[in-house]
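Examining the three-dimensional arrangement
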Amino acid sequence: MKKVLVCMLSVLAILGIVSCKSKPKAEEVVPEAPVVEEQAPVVEEEVPPVVEETQVDYTDVLNQIENARSLAIEAGAEAKASDLLKEIDAFYDSLKENGDLAANADELIRRYKSLANYIKAKDAKEKIDAFGFAGDAQREYDAGSAALTVVENTYSSAAPLSDDVANAAAEAYSNFNKVLIIGFKKIALQERVAAFDAKKKADSVKAGVSRKEQYGEAADKFQKADALYAMQSPEKAYENYKTAKETFTALFNDVSEKRAAAQAAIEAAKRKVAESANYAEEADAKAPITEAVEGIEEEDAVLLEETTYEDPDAAVIQIDATIEGQEEILALPEESTEVESSEGQEE
């Protein structure tokens, strides 16, 4: 038993020594699997499409507005209604600043045109009153006056300019314009008669010969007046007839005065010649000349070349005594003249 125990201890001792001398085996390193990180899904942000700002073309609108404003300026708004013009201009500027021009263009145009019609209506009424034309077309004059009052009351009270007021301004100008046409037609023809009479007087003193240039200018004015009357511009025709009449009258007076002075000089010369002839007769009776004397020509000698003169009748510019409708219109009573106008009003 003792021997068995000794043997077991010996074996254990040998195993212990062997185990101490053996190099420990390195542990096998197992490579780790790569860690795959899950990436969060990329969410693309939706970019809104770029909307280009649309440029509105206001050229046509601006042109219409500026044309309407020009009508007011041409009518005399700067001098005759400056406060009203400034008020509309301020409204115009505000619309441009606020970007509301297109939406309010019609209103702005209406204001400018109404102002133009208002000024022209006032001017027309003043001219009618100055020439005394109201009785020639009383109905139109009264209608124009009533419409003008409506407009004046609106402007003076600073009330809004409604369509009715704008229409009233156009109506006032239209009616007064008719009165002017009727009135100027009548006095233009009256002035034509006077101009024709003045021309006949100028022809009687041969003004076409002695004052050819001025005579021709007067005749041109007369003929231009006839053309203007035919084109329905009686006021301008009246002005040209009047100028022609005044020129023909001045020519007649001037030529007549000079002819009278020339005639007086001729008569004075005749008297001197007669006196000289009497003196010569007396001298010849007392001491007659029997021989030729140097410096004294023969009785039948031609001392000067014969002078030729322009035919005065050929210098006369022929103009018709009347034009179409002249006698009828001059014979018509008041408020009977029909109106044919080529002049339109702004509404």
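Data block above holds the structure.
The present account deals with the structure reproduced in this document. (Residues numbered from 1 in each chain as written. Predicted model: local features only at pLDDT ≥ 70, side-chain atom pairs only at ≥ 80, totals over all residues. Heavy atoms only, no water.)

1. Looking at the packing of aromatic side chains
Scanning all chains against the criterion turns up 10 aromatic pairs. Plain terms: the ring middles of F184 and Y238 are 5.8 Å apart, the flat faces sit at 50 degrees to each other, and that makes the pair tilted. With a gap of 54 residues between them, F184 in helix α7 (residues 163-204) and Y238 in helix α10 (residues 234-286) connect regions that are remote in the sequence. For Y238, a relative accessible area of 12% translates into the label buried. Every member of this aromatic cluster is reached through a ring pair, and the members are F131, F133, F184 and Y238. K96 extends its terminal NZ or CZ atom over the ring of Y92, reaching a point 4.3 Å from the ring centre. (Phe/Tyr/Trp six-rings, centres within 6.5 Å; stacked < 30°, edge-to-face > 60°. Helix = DSSP H or I, 4+ residues; strand = E, 2+ residues; numbered from the N terminus. Buried < 20%, exposed > 50% of the residue type's maximum accessible area, 1.4 Å probe, protein only. Lys NZ or Arg CZ within 6 Å of the ring centre and 35° of its normal.)

2. Some words on the packing of helix α4 (residues 82-98) against helix α5 (residues 101-131)
Between α4 and α5, the least distance of the axes is 10 Å, while the angle of their chain directions is 170 degrees. In this view, α4 runs roughly antiparallel relative to α5, as classed from their interaxial angle. Where α4 approaches α5, its residues L84, L85, I88, D89, F91, Y92, L95 and K96 are matched on the opposing element by L101, N104, E107, L108, R111, Y112, L115 and Y118. (Axes fitted to C-alpha atoms, helices over the stretch in contact; angles between N-to-C directions. Parallel < 35°, antiparallel > 145°, perpendicular 65-115°, else oblique. Contact = heavy atoms within 4.5 Å.)

3. Observations concerning the environment of Y118
Position of Y118 relative to the elements: it lies in helix α5. The exposure class of Y118 is buried, given its relative accessible area of 10%. With 51 residues separating them along the chain, Y118 and A169 place their C-alpha atoms 5.2 Å apart. Those residues in contact with Y118 that lie beyond four places of it in its chain are L84, L148, V151, E152, Y155 and A169.

4. Some thoughts on the environment of Y229
Positionally, Y229 belongs in helix α9 (residues 212-230). The spatial distance from the C-alpha of Y229 to the C-alpha of A188 is 8.1 Å, given a sequence separation of 41 residues. Beyond its immediate chain neighbours, meaning those up to four positions away, Y229 contacts K185, A188, L189, A237, Y241, I323 and I329.

5. A look at the side chain of T154
As for its placement among the helices and strands, T154 is situated in helix α6 (residues 138-157). Judged by its relative accessible area of 10%, T154 is buried. Polar contacts involving the side chain of T154 include one to the main-chain carbonyl oxygen of V150, which spans 3.0 Å. Setting aside chain neighbours within four positions, we find T154 in contact with A159, P160 and V165. (Polar contact = N/O pair within 3.5 Å; in protein donor to acceptor, adjacent residues only side chain to side chain.)

6. Looking at α6
Helix length check: α6, at 20 residues, gives a terminal C-alpha distance of 29 Å against a target of 28 Å (1.5 Å per residue), a fit within 8%. Turning to α6, its buried residues are E140, Y141, G144, S145, A147, L148, V151, T154 and Y155. Positive backbone phi, at 60 degrees, marks A158, one or two positions downstream of α6. (Expected span 1.5 Å × (residues − 1).)

7. Some points on the pattern of salt bridges
All chains considered together, the criterion is met by 15 salt bridges. One salt bridge connects D93 with K96, and the closest N-O pair in it is separated by 3.8 Å. Within this pair, D93 and its partner K96 are both found in helix α4, separated by 3 residues, close to a single helical turn. A relative accessible area of 38% means that D93 is categorised as partly exposed. By relative accessible area, which is 45% here, K96 ends up partly exposed. Of the charged contacts in the structure, one is a salt bridge between E107 and R110, with a shortest N-O distance of 2.3 Å. One end of the pair is E107 and the other is R110, both in helix α5 and 3 residues apart, which spans about a single turn. (Salt bridge = Lys/Arg side-chain N within 4 Å of Asp/Glu carboxyl O.)

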